[in-house]
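Single-letter residue listing:
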Amino acid sequence: MNRIKDPRSFIREQTRIKPVPHAEEIRLHVADEAMELWQKTEDELGALGLPPPFWAFAWAGGQALARYILDHPEIVRGKMVLDFASGSGLVAIAAMMAGAKHCRAVDIDPFALEAGRLNAALNDVAIDFENNDITTGPAPAVDVVFCGDVFYDRPMAAHVLTFIDRVLASGTLVFIGDPGRSYLPKERLDHLATYTVPVIGALEDAEVKKSSVYRFLPLR
C-alpha cells in the first residue's frame, strides 16, 4: 500500500538541487546516496523489489543526449519531441531549452512524473509529463524521439526495440543515449558523438563512463 501521501514533498526531502555534471545549464533534484534512497522508497511504499529510483539521478545516457541536444539545437528546434522513459526529465528539459516546439515526457514510474514536473519548473520550461506505458500503442505523433539508457536488460531491450521499429516506420527520427549497456543493438546505430560522463559509482561500475549518442537506423 502506498504510504507516501505527497510524492513531491518526498522528492524534495530526499534530494538536493544540483547542476547536471555534463550539462551544467540544467539543474535537477537528485539523490546523494543511491542505495539509501532506494531503501527509503521501499520502506515508504511498503514493498520490496521495487525498481531503482531512476528519476533521482542523471544517468549516463541521458546526460549524453542532453549535451548533444544543447550543442546541436537544430535537431529539435521548432519540432515536436518525445522523451521516452524520461526519468528525471533531463532530456525533455534539454529539448525545450534548445527550442523544441513541444515535448511530451513519458515514464511508467509515477514518481518520475512528479520529479519531472519539479525539474521542469526548476529550469523554467513547460513539458507535458505522462505516467503511462506507450510501447503497445500507435507510434506517437512527434518529429523526434529520444531514448536514454533503455537497453540495460534483455526483456526491456526487446520490448523497446519493437516500439522503436514502429516509431521509425512512421517516419520519426529516433536518437539513443547509451554508455554501452549489454543489450544495445549496435548494428542498428549510427554513431554521432561520445562523451566522458560523471556517474553515480554506487549504480555503475565506475565514477565516469564513456556515453554515446546514436541515431537509430530503420530495418533494411
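Just so we're clear, the structure is a prediction, and the values are computed from it rather than from any experiment.

### Some words on the overall build of the protein chain
Of the regular secondary structure elements, the protein chain holds 6 helices and 9 strands. Per-residue burial over the protein chain gives 53% buried out of 220 residues. Nonlocal contacts in the protein chain, meaning residues at least 24 apart in sequence, comprise 67% of its contacts between residues at least 6 apart. Per element, the accessible surface of the protein chain, about 10,200 Å² overall, is 52% carbon and sulfur.

### Considering the packing of aromatic side chains
Aromatic ring pairs are defined here through the distance separating the ring centres and the angle between the ring planes. Taken as a whole, this structure holds 7 aromatic pairs when the rule is applied. Summarising the aromatic geometry, the rings of F54 and W59 are spaced 5.4 Å apart at their centres and angled 55° between planes, so their arrangement reads as tilted. The class for F54 is partly exposed, based on a relative accessible area of 28%. Among the aromatic side chains, those forming a connected cluster through ring pairs are F54, F57, W59 and Y152.

### Points about the packing of helix α1 (residues 7–14) against helix α5 (residues 110–122)
Interaxial distance between α1 and α5 falls to 9 Å at its minimum, and their mutual angle equals 65°. Taken together, α1 and α5 sit at an angle that is classed as roughly perpendicular. In this structure, α1 meets α5 at a crossing whose hand is right-handed. Facing P7, R8, F10, I11 and R12 of α1, the residues of α5 in contact are F111, E114, A115, R117 and L118. Partitioning the contact of α1 with α5 into residue classes produces 6 nonpolar, no polar and 4 charged.

### Remarks on the pairing of strand β3 (residues 80–84)
Regular strands show a simple pattern: their side chains alternate between the two faces of the sheet. Across the 5 residues that make up β3, a large majority, 4, are buried. Both β3 and strand β4 (residues 102–107) contribute to a ladder of 5 bridges, which runs parallel. Across the sheet, residue V81 finds its bridge partner in β4, namely C103. Handedness of the crossover is the feature at issue here: the chain leaves β3, passes through helix α4 (residues 90–97), returns alongside β4, and the resulting connection is right-handed. In this sheet, strand β6 (residues 144–148) lies alongside β3 in parallel orientation, the contact comprising 4 bridges. Among the inter-strand pairings, L82 is bridged to a residue of β6, identified as V145.

### Comments concerning the packing of helix α3 (residues 60–71) against α4
Contact geometry of α3 with α4 gives a least axis separation of 9 Å together with a crossing angle of 0°. Put simply, α3 runs roughly parallel to α4. Residue-level contacts link G62, Q63, L65, A66, I69 and L70 of α3 to L90, V91, A94, A95 and M97 of α4.

### Examining unusual backbone geometry
For A85, which is not glycine, the phi dihedral falls at a positive 55°. Looking at the element boundaries, A85 is found in the loop between β3 and α4. Even without being a glycine, D149 presents a positive backbone phi close to 55°. Within the secondary structure, D149 is located in the loop between β6 and α6 (154–169).

### Focus: the nonpolar core
One finds I26, L28, I69, V76, V81, I127 and F146 to be the most contacted residues of the largest nonpolar core, which totals 40 residues. Mapped by element, the contributors of at least two residues to this core are β2 (23–30), α3, α4, β4, α5, β6 and β8 (189–198). Not counting the four nearest positions on each side in its chain, F146 is found in contact with L65, I69, I75, V76, V81, L82, D83, F84, V91 and F175. Membership of the second largest hydrophobic core comes to 21 residues, among which are V142, V150, F163 and L168.

### Quick notes on the pattern of salt bridges
Applying the stated rule across the entire model yields 8 salt bridges. A salt bridge links E25 to R67, with the nearest nitrogen and oxygen atoms 2.8 Å apart. Residue E25 is found in strand β2, and its partner R67 is found in helix α3; the two are separated by 42 residues along the sequence. The buried category is assigned to R67, whose relative accessible area is 13%. Its salt-bridge partner being R117, residue E114 comes within 3.6 Å of it at the nearest N-O pair. Taken as a pair, E114 and R117 lie in helix α5 at a separation of 3 residues, close to a single helical turn.

Conventions adopted
Residues numbered from 1 in each chain as written. Predicted model: local features only at pLDDT ≥ 70, side-chain atom pairs only at ≥ 80, totals over all residues. Heavy atoms only, no water. Helix = DSSP H or I, 4+ residues; strand = E, 2+ residues; numbered from the N terminus. Buried < 20%, exposed > 50% of the residue type's maximum accessible area, 1.4 Å probe, protein only. Contact = heavy atoms within 4.5 Å. Areas by Shrake-Rupley, 256 points an atom, 1.4 Å probe, with all protein chains shown as cover. Phe/Tyr/Trp six-rings, centres within 6.5 Å; stacked < 30°, edge-to-face > 60°. Axes fitted to C-alpha atoms, helices over the stretch in contact; angles between N-to-C directions. Parallel < 35°, antiparallel > 145°, perpendicular 65-115°, else oblique. Left-handed = near helix turned anticlockwise from the far one by under 90°. Nonpolar A, V, L, I, M, F, W, Y, C, P; charged D, E, K, R; others polar. Pairing = 2+ DSSP bridges. Right-handed = clockwise from strand over helix to strand, strands pointing away. Core = buried A, V, L, I, M, F, W, Y, C linked by side-chain atoms within 4.5 Å. Salt bridge = Lys/Arg side-chain N within 4 Å of Asp/Glu carboxyl O.

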